Amino acid sequence: KAGVTQTPRYLIKTRGQQVTLSCSPISGHRSVSWYQQTPGQGLQFLFEYFSETQRNKGNFPGRFSGRQFSNSRSEMNVSTLELGDSALYLCASKVTGDNEQFFGPGTRLTVL
Amino acid sequence: SQQGEEDPQALSIQEGENATMNCSYKTSINNLQWYRQNSGRGLVHLILIRSNEREKHSGRLRVTLDTSKKSSSLLITASRAADTASYFCARYNTDKLIFGTGTRLQVFP
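Below or above, wherever it landed, is the structure these notes cover.

**So, the overall build of chain A**
A count of helices and strands for chain A gives zero helices and 11 strands. For chain A, the N- to C-terminal ordering of α and β elements is β-β-β-β-β-β-β-β-β-β-β. In terms of C-alpha radius of gyration, chain A reaches 13 Å, essentially the compact-globule figure of 13 Å for 112 residues. Considered along the principal axes of its C-alpha atoms, chain A spans approximately 40 × 25 × 25 Å. Long-range pairs, those at least 24 residues apart, make up 52% of the contacts in chain A with a sequence separation of at least 6. Looking at chain A as shown, the accessible area adds up to about 5200 Å², and 48% of this sits on carbon and sulfur atoms. Looking at charge distribution, chain A has the averaged site of its 12 positive side-chain charges lying 4 Å from that of its 7 negative ones.

**Observations regarding the sheet that holds strand 7 (residues 61-66) of chain B**
All names here are of chain B. Pairing is antiparallel in the open sheet, where five strands are placed in the order 1-3-8-7-6. Here the strands that pair on one side only, and so sit at the sheet edges, are strand 1 (5-7) and strand 6 (55-58). Strand after strand, the sheet turns through a mean of 15° between neighbouring axes, direction not considered.

**Some details on the interface of chain B and chain A**
If you look at the interface, chain B gives 19 residues, while chain A gives 21 residues. Buried surface at the junction of chain B and chain A, summed over both partners, amounts to about 1500 Å²; 49% is from carbon and sulfur atoms. Counting the contacts that link chain B with chain A gives seven residue pairs in polar contact (both at pLDDT 80 or more).

**What to know about the pairing of strand 11 (residues 103-108) of chain B**
Consecutive side chains of a regular strand alternate in pointing toward one face of the sheet and then the other. Residues and elements named next belong to chain B. On strand 11, burial follows the alternation: Thr-103, Leu-105 and Val-107 on one face are buried, whereas Arg-104, Gln-106 and Phe-108 on the facing-out side are not. Inspection of the sheet shows strand 2 (residues 10-14) paired to strand 11 by five bridges, in the parallel sense. Following the sheet pairing, Ala-10 is matched in strand 11 by Arg-104.

**Remarks on the pattern of salt bridges**
Oppositely charged side chains may form a pair once their charged atoms are brought near each other. Residues and elements named next belong to chain A. What the rule picks out here adds up to seven salt bridges over all chains. Among the ionic pairs, Arg-67 bridges to Glu-75, the shortest N-O distance being 3.3 Å. Given the relative accessible area of 47%, Arg-67 is considered partly exposed. A salt bridge links Glu-75 to Arg-73; the nearest nitrogen and oxygen atoms lie 3.3 Å apart. Through salt bridges with shared partners, a single network forms among Arg-63, Glu-82 and Asp-85.

**Let's talk about the packing of aromatic side chains**
Following the criterion strictly, the structure yields nine aromatic pairs over all chains and no others. Arranged with centres 6.4 Å apart and planes meeting at 90°, the rings of Phe-88 of chain B and Phe-99 of chain B form a pair that is edge-to-face. Of this pair, Phe-88 of chain B sits in strand 9 (residues 85-93) while Phe-99 of chain B sits in strand 10 (residues 96-99), and the two are 11 residues apart along the sequence. Taking relative accessible area as the criterion, Phe-88 of chain B reaches 6% and is therefore assigned buried. The exposure class assigned to Phe-99 of chain B is buried, which follows from its relative accessible area of 1%. Grouping aromatic residues by their ring pairs yields a cluster made of Tyr-35, Phe-45 and Phe-103 of chain A together with Tyr-35, Phe-88 and Phe-99 of chain B. A cation over an aromatic ring shows up here: Arg-55 of chain A above the ring of Phe-50 of chain A, its NZ or CZ 4.5 Å from the ring centre.

**Comments concerning the environment of Pro-61 of chain A**
Inspection of the secondary structure puts Pro-61 of chain A in the loop between strand 6 (53-57) and strand 7 (64-68). Sequence separation between Pro-61 of chain A and Val-78 of chain A is 17 residues, and the spatial gap between their C-alpha atoms is 9.7 Å.

**A short note on the state of the cysteines**
Inspection of every chain in the model, using the stated rule, returns two disulfides over all chains. Between the sulfur atoms of Cys-23 of chain A and its disulfide mate Cys-91 of chain A the distance is 1.7 Å. The S-S bond linking Cys-23 of chain A to Cys-91 of chain A shows a torsion near -55°; that makes this disulfide left-handed. Placement of Cys-23 of chain A in strand 3 (residues 19-24) and of Cys-91 of chain A in strand 9 (residues 87-94) is noted, with a sequence separation of 68 residues between them. Here Cys-23 of chain A matches Cys-91 of chain A in class, with each residue buried. Across the disulfide, Cys-23 of chain B is cross-linked to Cys-89 of chain B (sulfur-sulfur distance 2.0 Å). Measuring handedness by torsion sign, the sulfur bridge of Cys-23 of chain B and Cys-89 of chain B sits at about 70° and is right-handed. With Cys-23 of chain B in strand 3 (residues 19-24) and Cys-89 of chain B in strand 9, this pair connects stretches of sequence that are 66 residues apart. There is no split in this pair, since Cys-23 of chain B and Cys-89 of chain B are both buried.

Procedures and definitions
- Residues numbered from 1 in each chain as written.
- Chains lettered and ligands numbered in written order.
- Predicted model: local features only at pLDDT ≥ 70, side-chain atom pairs only at ≥ 80, totals over all residues.
- Heavy atoms only, no water.
- Helix = DSSP H or I, 4+ residues; strand = E, 2+ residues; numbered from the N terminus.
- Rg over C-alpha atoms; globule rule 2.2 N^0.38 Å.
- Contact = heavy atoms within 4.5 Å.
- Areas by Shrake-Rupley, 256 points an atom, 1.4 Å probe, with all protein chains shown as cover.
- Lys, Arg positive; Asp, Glu negative; His and termini not counted.
- Charge placed at Lys NZ, Arg CZ, Asp CG, Glu CD.
- Pairing = 2+ DSSP bridges.
- Axes fitted to C-alpha atoms, helices over the stretch in contact; angles between N-to-C directions.
- Buried area = accessible area lost by both parts, 1.4 Å probe.
- Polar contact = N/O pair within 3.5 Å; in protein donor to acceptor, adjacent residues only side chain to side chain.
- Buried < 20%, exposed > 50% of the residue type's maximum accessible area, 1.4 Å probe, protein only.
- Salt bridge = Lys/Arg side-chain N within 4 Å of Asp/Glu carboxyl O.
- Phe/Tyr/Trp six-rings, centres within 6.5 Å; stacked < 30°, edge-to-face > 60°.
- Lys NZ or Arg CZ within 6 Å of the ring centre and 35° of its normal.
- Disulfide = S-S within 2.5 Å.

Laid out in structure tokens, this is it:
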């Protein structure tokens, strides 16, 4: 069974631009969560999607948004990029009702 | 912060030695999980211990949980160079998975 895939793996943007990251969960996993990892703040929960609905949201500004499609694939979008948005963005999927999350390799975003 | 605290922040040992990492948290839990991350890549689930369990083993890993002290520890026995990674504890809080600050483990051959 293929693992969680994330595209692109690396991305360089400039301040003020927007970016869209993509995540394909493991087949059969309907829950997709996104995390931001930075050296200063560590791993922080962004949001979780299930059946195309946002089920949980972390403490991030409205510039961070996401969506989930009917095939469970998910995208997250960051608008008006700031230098502080430079981070590793991780996507994870899991089986409904289970606790273990399966992570993708991440997208490393650099904002210049 | 809702994050758990882990200590030590960094740990360097020789191959064959044991490595112990500790995690403390603030709220009650149903279970606590440990994950490993190799050098800025995705996380890999290692083990889950439920609140009614005190100890759990998986291969060279041993996890203990003390709910009265709100703490857990991860022991890696007979460490190998391939165990070099960051280790995170994680727990659910209002359906959000909250990670600890992590321990960076370096195992020297």
